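As a plain string of letters, each chain reads:
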Amino acid sequence: MDKKAINTVHSMRSYAFCAAHPGAQIVEEYSAGDMVCCECGTVVGDRIIDAKSEWRTFGNSDKGGNAADPSRVGVAQDANDTELASLGQSRLAGADDDPSQRWQGRTAMTGAERSRHHAFKEMERMGAQLNLKGDFVATAKNFYKRIDETKALKSRSRDAIAAACIFLSCRELKNARTIKEISDVTAVPKKDVAKMIKLAMQSLGTVNAPTVGDDLVSRFAGRLNMLFEARRAAIHVAREAERSGHLTGRKPDTIAAASIYLVVALANLDISLFDLSRVSGVADSTIMTSYKIMLPHKDALLPADFQAMLDRKAAEKKVKKEEPL
């Protein structure tokens, strides 16, 4: 018999004994609730009630999720959701099979906590659709929590604030997403997302405008299969255009797309305006307008070795044409 599954109950000796072995030790087997003779294994009593304290949990421990710690009530705390985790709210989604557990969890939250919980779930969903790692969602949750604590945007749309936090998180961690990309994974229109980003920046005390960064240009250029030299030139153009202020007031994705188109047009690359508009999400007319603004300043915007790159590519193309078939 498994020694871990049994325990001696001395108080039961007065009325539980084995007829074949009157002096044998009587033990209780908890798995079956029986009193068993330690010598021959005869059951001398059954339906024994365990009088010890009963552990309670409102999570998924009864389904095997927390079996290693039966005394636990709730779930492990999340650094970005401390108050909600202490109430066990992150387990609500797993309590669908038990309405009483779900209702008890809901009544344990205040309205503000419930709103924050749903916003966190929405950001997790958006992060999954945008293929963002956990750090991005965690940073977005931290932004949302700081905004929520200030009460500055109390009357605003919860989903719009969550979308703005995802956008600012991507920018903070140097992996920017466009407003259109954020809007595509949520029900909030682009205009409302852009407006909420400005309000969120004010609430967070962030006064710097969103920067283009190398990531937007690199992502657009990568989707277009641009050559490395052309991609590097487009990044340089975007940096200079932002620094010089030629496209002040334009959105980051517009600056990135226009910078790529400037390089494509001057280098005569086989990339159409339609394809660039498709991968960047910027209208072709908007790209062309920004391109025309940048074109007169091309010498100041392009890298110093850009002309050398064009001459080298032209020479390579000429050699290929002269090669015999």
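Before reading on, note that the structure itself is shown above.
Note that this is a predicted model, so its numbers are computed, not measured. (Residues numbered from 1 in each chain as written. Predicted model: local features only at pLDDT ≥ 70, side-chain atom pairs only at ≥ 80, totals over all residues. Heavy atoms only, no water.)

Caption draft 1: Molecular detail of unusual backbone geometry. Despite not being glycine, Asn 131 has its phi angle at roughly 60°, a positive value. Exposure remark for Asn 131: the relative accessible area of 67% places this residue in the exposed category. (Buried < 20%, exposed > 50% of the residue type's maximum accessible area, 1.4 Å probe, protein only.)

Caption draft 2: Summary view of the nonpolar core. Counting 38 residues, the largest nonpolar core has Met 226, Ile 260, Val 263, Leu 276, Met 294 and Phe 306 as the members making the most contacts within it. Contributing elements (two or more residues each) for this core: helix 8 (213-223), helix 9 (228-244), helix 10 (252-267), helix 11 (273-280), helix 12 (284-294) and helix 14 (306-322). No other element matches helix 10, which puts 10 residues into this core. What Met 294 contacts, discounting residues up to four positions off in sequence, is Val 237, Ala 241, Leu 247, Ala 258, Ser 259, Leu 262 and Leu 301. Counting residues in each nonpolar core, the second largest holds 34 residues, with Ala 162, Ile 197, Met 201 and Leu 204 among its members. (Core = buried A, V, L, I, M, F, W, Y, C linked by side-chain atoms within 4.5 Å. Helix = DSSP H or I, 4+ residues; strand = E, 2+ residues; numbered from the N terminus. Contact = heavy atoms within 4.5 Å.)

Caption draft 3: Structural detail: the pattern of salt bridges. As enumerated under the stated definition, the model contains 10 salt bridges in all. Taking the shortest distance from any N to any O, the salt bridge between Arg 223 and Glu 181 comes out at 3.3 Å. A residue pair is termed long-range when its members are at least 10 positions apart, and Arg 223 in helix 8 and Glu 181 in helix 6 (residues 179-184) qualify at 42 residues. On the accessibility criterion, Arg 223 (43% relative accessible area) is partly exposed. Judged by relative accessible area, which is 17%, Glu 181 ranks as buried. We note a salt bridge from Asp 275 to Arg 278, for which the minimum N-O separation is 3.8 Å. With Asp 275 and Arg 278 both in helix 11 and 3 residues apart, the pair spans about one turn of that helix. Asp 275 gets classed as partly exposed once you look at its relative accessible area, which sits at 27%. On the basis of relative accessibility, which here comes to 54%, the residue Arg 278 falls in the exposed class. (Salt bridge = Lys/Arg side-chain N within 4 Å of Asp/Glu carboxyl O.)

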